[in-house]
Amino acid sequence: MSEHVGRVLGTVDAMPLEFWVGLEDHQYLQLDDVVEVETPLPDGTEVRLYGVVDLVRARHEGATFDSDVFLVEKGVLPATVVQAAHVRVTRVEPEIFIPPRPGQAVRRAVGERREEALFFDGMQRRLPIGLSRDGEPVYANLDFLDGSRGAHVNISGISGVATKTSYATFLLYSLFRSGALEGEAANTHALVFNVKGEDLLFLDQPNARLGTRAREDYGRLGLPAEAFDSVQVLAPVRPGSRERLPATGSRQKGVTAFFWTIREVVTERLLRFLFAEAEDAASQLSFVVDRVEAKLAAAAKEAGGPADPWIELEGRRIETFDALVEVLTERDPVTEERSLAERWSFPAAPGTVAAFERRLHAAARHVGHLIRGESVGQREEHLLDWKRRQVSVVDIHSLHDRAKRFVVGAVLNRMFEEKESLGTSRPLVFVVLDELNKYAPREGSGPIKEVLLDISERGRSLGIVLIGAQQTASEVEKRIVANAALRVVGRLDSAEAERSEYGFLTAAGRGRAGILKPGTMIVQQPEIPTPLLVRFPFPAWATRKSEVATTVTEADVFKGFTEA
Amino acid sequence: MPKSQPKILLDPWAAEYDRSIQIGAEADEADPAAVDIRVETSIWAAVRPTTSPAPRRIAFVDGVRRIEHRLLVEDGSGTVFGLLGSYGVGAALVAGEARVAHESVVRVAVTGNGLLLRPFPAPIGDGRAGVVFEPLAEPENTPAAPVEGLQKAMRAGEASLAERVGAEADVVFLDGPLTYVTAAQQGPVVGFVKKLLRTYLDPAASALLPGLAVGERTPLFLVDAPRRPRYSWYLRIGLGRAIQSPLTGIVRLEASSASGLDAARDLADLSARELPRFASEAARDPRAPQNLLPIGALEARLKHLLGDHAVIRRAIETQLQNEVEAVA
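Summarised in this report is the structure supplied together with it. Bear in mind that the values here come from a model prediction, so they are computed numbers and not experimental data.

1. Describing the overall build of chain B
So, point 1. Helix and strand counts for chain B come out as five helices and twelve strands.
So, point 2. In chain B, which comprises 328 residues, the proportion classed as buried is 50%.
So, point 3. The contacts in chain B between residues at least 6 apart in sequence include a share of 69% that link residues at least 24 apart.
So, point 4. Summing over all exposed atoms, chain B offers an accessible surface of approximately 14,800 Å²; the carbon and sulfur share of this is 55%.
So, point 5. Averaging the coordinates of the 36 positive side-chain charges in chain B and doing the same for the 40 negative ones gives two points 3 Å apart.

2. Thoughts on unusual backbone geometry
So, point 1. The linkage connecting Arg426 of chain A with the following residue, Pro427 of chain A, adopts the cis geometry, with an omega of -5 degrees.
So, point 2. Put simply, Ala288 of chain B and Pro289 of chain B share a cis peptide bond, and its omega is -5 degrees.
So, point 3. Relative to the helices and strands, Pro289 of chain B is located in the loop between helix H3 (261–274) and helix H4 (293–305).
So, point 4. A positive phi angle, near 50 degrees, is found at Glu314 of chain A, a position not held by glycine.
So, point 5. Along the chain, Glu314 of chain A falls in the loop between strand S14 (311–313) and strand S15 (316–318).

3. Here we look at the nonpolar core
Residues and elements named next belong to chain A.
So, point 1. Counting 90 residues, the largest nonpolar core has Phe193 and Val407 as the members making the most contacts within it.
So, point 2. Counting residues per element, this core draws most heavily on helix H10 (residues 401–422), at nine residues.
So, point 3. Among all residues touching Val407, those that are not within four sequence positions of it are Phe193, Phe258, Trp260, Leu370, Leu384, Val394, Ile396 and Leu399.
So, point 4. In this structure, Ala168, Leu221, Ala469 and Ile528 belong to the second largest nonpolar core, which totals 67 residues.

4. Structural notes on the pattern of salt bridges
So, point 1. Inspection of every chain in the model, using the stated rule, returns 56 salt bridges over all chains.
So, point 2. Across the pair Glu115 of chain A and Arg126 of chain A runs a salt bridge whose closest N-O atoms are separated by 3.1 Å. Residue Glu115 of chain A is found in helix H2 (residues 112–117), and its partner Arg126 of chain A is found in strand S7 (residues 126–131); the two are separated by eleven residues along the sequence.
So, point 3. Of the charged contacts in the structure, one is a salt bridge between Arg107 of chain B and Glu68 of chain B, with a shortest N-O distance of 3.6 Å. Of this pair, Arg107 of chain B sits in strand S5 (residues 97–111) while Glu68 of chain B is found in strand S3 (residues 58–74), placing the two residues 39 residues apart along the sequence. Of the two residues, Arg107 of chain B and Glu68 of chain B, both sit in the buried class.
So, point 4. Salt bridges sharing common partners tie together Arg125, Asp143, Asp146, Arg149, Glu184, Arg426 and Glu527 of chain A.

5. Concerning the side chain of Glu40 of chain B
All names here are of chain B.
So, point 1. Here Glu40 is to be found in the loop between strand S2 (34–36) and S3.
So, point 2. A polar side-chain atom of Glu40 sits 2.7 Å from the main-chain amide nitrogen of Leu220.
So, point 3. In this structure the side chain of Glu40 is engaged in a polar contact, spanning 3.4 Å, whose partner is the side chain of Arg265.
So, point 4. Apart from the residues lying within four places of it in its own chain, the contact partners of Glu40 are Arg217, Pro219, Leu220 and Arg265.

6. Let's talk about the sheet that holds strand S2 (residues 18–23) of chain A
All names here are of chain A.
So, point 1. Taken in spatial order, the six strands of this closed barrel run S1-S2-S5-S4-S3-S6, and their pairing is antiparallel. With direction set aside, neighbouring strand axes in the sheet form an average angle of 40 degrees.
So, point 2. Sheet topology note: the strand S1 (residues 4–8)/S2 ladder contains three bridges and is antiparallel. Within S2, the position partnered with Val8 by the bridge is Val21.

7. Structural notes on the pairing of strand S3 (residues 34–40) of chain A
Residue and element names in this part refer to chain A.
So, point 1. Counting buried positions along S3 gives five out of seven residues, so the element sits mostly inside the fold.
So, point 2. Of the strand pairs in this sheet, S3 and strand S4 (residues 46–61) are connected by seven bridges, and their pairing is antiparallel. Counted as the bridge partner of Val34 is Val52 from S4.
So, point 3. Where S3 hands over to S4, the hairpin turn is made up of five residues, of which Gly44 adopts a positive phi near 95 degrees.
So, point 4. In the sheet, S3 pairs with strand S6 (residues 105–108) via three bridges, with the strands oriented antiparallel. Across the sheet, residue Glu36 finds its bridge partner in S6, namely Arg107.

8. Things to note about the packing of aromatic side chains
So, point 1. As enumerated under the stated definition, the model contains 17 aromatic pairs over all chains in all.
So, point 2. Relative to Phe221 of chain B, the ring of Tyr200 of chain B has its centre 6.4 Å away and its plane inclined at 40 degrees; by these criteria the two rings are tilted. Taken together, the positions of Tyr200 of chain B in the loop between strand S9 (189–193) and helix H2 (203–206) and Phe221 of chain B in strand S10 (residues 221–224) put the pair 21 residues apart, joining distant regions of the chain.
So, point 3. In textbook terms, an aromatic cluster arises when at least three aromatic residues are bridged by ring pairs, as seen for Tyr173, Tyr218, Phe228 and Trp541 of chain A.
So, point 4. Across from the ring centre of Trp310 of chain A, 5.6 Å away, lies the NZ or CZ of Arg263 of chain A, which sits over that ring.

9. Observations regarding the environment of Thr111 of chain B
All names here are of chain B.
So, point 1. Among the structural elements, Thr111 can be located in strand S5.
So, point 2. For Thr111, a relative accessible area of 0% gives the class buried.
So, point 3. Residues Thr111 and Ala137 lie 26 residues apart in sequence; the distance between their C-alpha atoms is 5.1 Å.
So, point 4. A distance of 2.5 Å separates a polar side-chain atom of Thr111 from the backbone oxygen of Leu115.

10. Observations concerning empty space enclosed by the protein
In this approach a probe as big as a water molecule rolls over the atoms, and the regions it shows empty are the leftover space.
Residues and elements named next belong to chain A.
So, point 1. Within the structure shown, the criterion is met by five cavities of 30 Å³ or more.
So, point 2. Counted as a void, the largest cavity has a volume near 120 Å³.
So, point 3. What lines the largest cavity is a set of 14 residues, among which Asp32, Asp54, Thr506, Arg512 and Pro531 lie closest to the centre.
So, point 4. Put simply, the parts of the chain that give the lining of the largest cavity at least two residues each are S4, helix H15 (507–513) and strand S22 (532–535).
So, point 5. Classifying every residue of the lining of the largest cavity by side-chain character gives seven nonpolar, three polar and four charged.
So, point 6. Estimated volume of the second largest cavity: approximately 80 Å³.
So, point 7. If you trace the second largest cavity, you find it lined by Asp32, Val34, Val52, Arg114, Leu118, Ser132, Val138, Pro531, Leu532 and Leu533.
So, point 8. When grouped by side-chain class, the residues that make up the lining of the second largest cavity number seven nonpolar, one polar and two charged.

Rules used throughout
- Residues numbered from 1 in each chain as written.
- Chains lettered and ligands numbered in written order.
- Predicted model: local features only at pLDDT ≥ 70, side-chain atom pairs only at ≥ 80, totals over all residues.
- Heavy atoms only, no water.
- Helix = DSSP H or I, 4+ residues; strand = E, 2+ residues; numbered from the N terminus.
- Buried < 20%, exposed > 50% of the residue type's maximum accessible area, 1.4 Å probe, protein only.
- Contact = heavy atoms within 4.5 Å.
- Areas by Shrake-Rupley, 256 points an atom, 1.4 Å probe, with all protein chains shown as cover.
- Lys, Arg positive; Asp, Glu negative; His and termini not counted.
- Charge placed at Lys NZ, Arg CZ, Asp CG, Glu CD.
- Core = buried A, V, L, I, M, F, W, Y, C linked by side-chain atoms within 4.5 Å.
- Salt bridge = Lys/Arg side-chain N within 4 Å of Asp/Glu carboxyl O.
- Polar contact = N/O pair within 3.5 Å; in protein donor to acceptor, adjacent residues only side chain to side chain.
- Pairing = 2+ DSSP bridges.
- Axes fitted to C-alpha atoms, helices over the stretch in contact; angles between N-to-C directions.
- Phe/Tyr/Trp six-rings, centres within 6.5 Å; stacked < 30°, edge-to-face > 60°.
- Lys NZ or Arg CZ within 6 Å of the ring centre and 35° of its normal.
- 1 Å grid on protein atoms, 1.4 Å probe; cavity = no way out; pocket = protein on both sides within 12 Å on 5 of 7 lines; lining within 4 Å.
- Points joined across faces, edges and corners; volume = space filled by probe spheres on them.
- Nonpolar A, V, L, I, M, F, W, Y, C, P; charged D, E, K, R; others polar.

Shown next, in the form of structure tokens:
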């Protein structure tokens with residue numbers, strides 16, 4: 001048993017769920033330290049209380065005025081510095097909720113005691129989710145991530161400093177490599193949407209900047225310090241590219257271009273994802289979309305086989321999205337006959353149909369190149385198939401917002417329907433999606449929000465786990481945030497931290513959320529009654545082109561020069 | 001309970017009532033003695049000591065006392081006045097930083113008429129804590145006698161602490177006159193008298209006092225008391241406010257004459273150099289500036305160590321109740 005660091009204070013109420021510890025002169029406690037204290041019952045039973053330090057204070061005792069500090073420093077006024085720490089109780093064993101007796105010795109909880117304090121002892125399958133401030137691993141219970149007892153992760157934090165996607169990828173890495181999933185890991189997939197920047201395009205490349213300290217961190221977490229080993233990068237097809245080249249940024253090699261065929265869009269009824277702005281829900285627009293989708297699906301059956309990318313409408317073969325738009329919206333300028341969309345959606349008001357047509361035109365401009373009816377090549381090569389590799393990164397960062405919504409909606413919709421038809425929760429698939437507020441905003445409804453809500457409410461039983469992230473949880477649909485078993489907070493704006501979405505944070509936690517450094521997160525999980533601060537290691541995979549480790553190092557290149 | 005044991009009862013008066021009685025006006029102060037103001041110099045004028053390195057360790061010794069309960073003791077022949085009281089003595093040590101270095105608390109059961117009670121225990125709570133009042137007898141049997149006894153015990157405690165602390169400090173400032181410091185004491189103990197109850201100087205010599213600047217002292221003068229001859233000097237450690245007496249901020253210090261004039265002069269110079277920086281301000285202490293900062297803090301600390309008055313009073317009452325019930 002370790003030396004005691006202090007004693008339970010009797011000048012402030014000690015309570016079963018929180019108490020203060022006066023610290024011995026030569027000892028200290030810092031925030032997040034895990035402590036234990038035993039307190040006797042009259043019958044001799046020892047009740048052990050575990051807790052986490054969430055406040056620490058120091059003050060002059062014997063000094064009454066603020067100006068006393070100067071006198072004390074001058075050495076004319078005797079005063080003692082006393083330190084005290086506030087402890088939030090995490091666990092009481094046995095469960096007899098009594099306050100610790102003032103004067104009882106408080107010790108750091110180490111080894112098995114620490115595991116007990118943080119409920120790690122009861123976790124059958126545990127997933128390393130980072131290191132505590134004292135460098136010890138912190139675990140999450142996999143039962144709450146794989147759907148057994150809960151699922152989903154929600155991450156909030158300011159862009160740039162909160163490193164939300166880095167943490168999401170770290171969680172994925174831990175899931176695949178820690179052994180927590182055991183034999184299942186090989187069969188488990190992850191679908192990662194890269195919505196901004198290019199940091200997720202190099203997951204399979206080792207990080208050249210990985211230092212010794214980071215390697216040690218991985219070691220302590222029981223993880224190898226390597227890149228992801230089974231990764232495919234999918235990028236949208238380049239506009240107007242007959243050769244179906246991917247529209248890539250700094251990553252050139254090993255990128256697969258993806259698109260949809262007109263037939264797929266029509267038969268899978270994906271048209272609605274072109275009208276995904278939340279504001280559309282209240283209007284009649286969804287009615288028009290619904291009618292047009294139904295008519296198109298019927299038309300698709302009439303000509304061509306399931307493998308043909310095109311469809312026929314009004315006797316015309318439709319091979320581009322622009323052609324589709326034209327057929328749906330054209331009017332004879334002389335007769336001013338009603339357009340096909342107008343006729344199909346009767347009796348919708350002409351204004352609504354006009355809105356539909358306007359948006360369809362806009363969609364054609366931004367999304368049209370992703371939907372083709374010709375030059376499709378080997379279709380299998382350009383399918384957005386997330387089962388090909390363990391991790392699929394879908395790079396949509398360069399697409400227009402409207403196109404991003406279409407891709408996310410179409411992919412998740414297909415995945416959900418597929419999993420739904422299988423009806424089993426295995427194999428597992430983890431979906432990483434940042435900017436959740438765009439896809440599932442708090443206000444209004446829309447087709448993507450419905451898919452995301454379906455995943456968040458039923459994904460648990462279908463084996464779809466959503467790792468969602470956003471700057472501010474207050475702008476995301478409440479049910480999606482509420483359904484997440486693991487809530488993670490990076491650096492938060494201090495006004496945002498006060499909102500009820502972060503009610504799980506302690507008062508001190510709120511304050512700290514405003515100053516968290518990149519690489520540090522506060523994690524709340526169902527079994528542990530207090531949020532824990534974790535630091536996660538520097539990525540072992542490259543997050544930008546400059547970090548990609550090349551076989552020829554700079555030193556090697558210049559070696560010849562110095563010797564010549 | 002054996003028959004010979006005196007019966008202890010609470011005095012109906014609350015312990016606080018004695019506060020109006022002037023206790024502790026040092027008997028010694030009223031002691032008539034010849035005063036020689038020409039022992040240090042023939043010119044009676046303000047002295048400002050030359051600068052000198054600060055001493056490494058300065059100690060301040062003080063005590064506090066409290067009457068827990070007044071008693072009336074029936075000892076068969078009549079009623080004897082008594083009390084249960086607590087006192088604490090301590091020392092603040094200034095060596096770079098100031099800290100409370102010694103502190104102790106004593107509980108006494110003082111009775112007049114030379115009567116000595118047995119130790120009086122007062123258990124608190126589940127008995128893990130508790131206090132025991134050690135017996136102490138005073139010859140007289142007046143309401144004030146037990147308070148005198150308590151005061152004397154505290155003063156003696158201070159004096160003996162000052163003697164012990166003298167071994168580890170360059171100078172010890174003892175709150176109050178040196179009455180209780182034994183003549184054998186040769187250490188650097190200086191009595192610090194903040195209440196100028198009696199003037200030792202004739203009016204002509206006294207005229208020097210209001211004009212002293214901060215850090216200036218009078219020359220040493222010898223108080224040739226038969227029992228306790230000592231050197232004394234007045235010193236201004238701070239300025240009072242306009243609405244206060246011009247003597248505010250003047251203190252009297254004294255050192256035993258046994259160590260000789262040179263030793264006393266060194267102590268006087270040292271006090272004039274060092275003490276002004278320990279003077280308190282009016283906002284902090286109603287007894288400012290005379291009540292020195294370390295002494296104020298030490299007093300607060302010692303008062304705190306005496307424990308909660310109500311808790312101790314209740315423990316005493318419970319104990320007496322138990323004794324009464326045991327007899328009945």
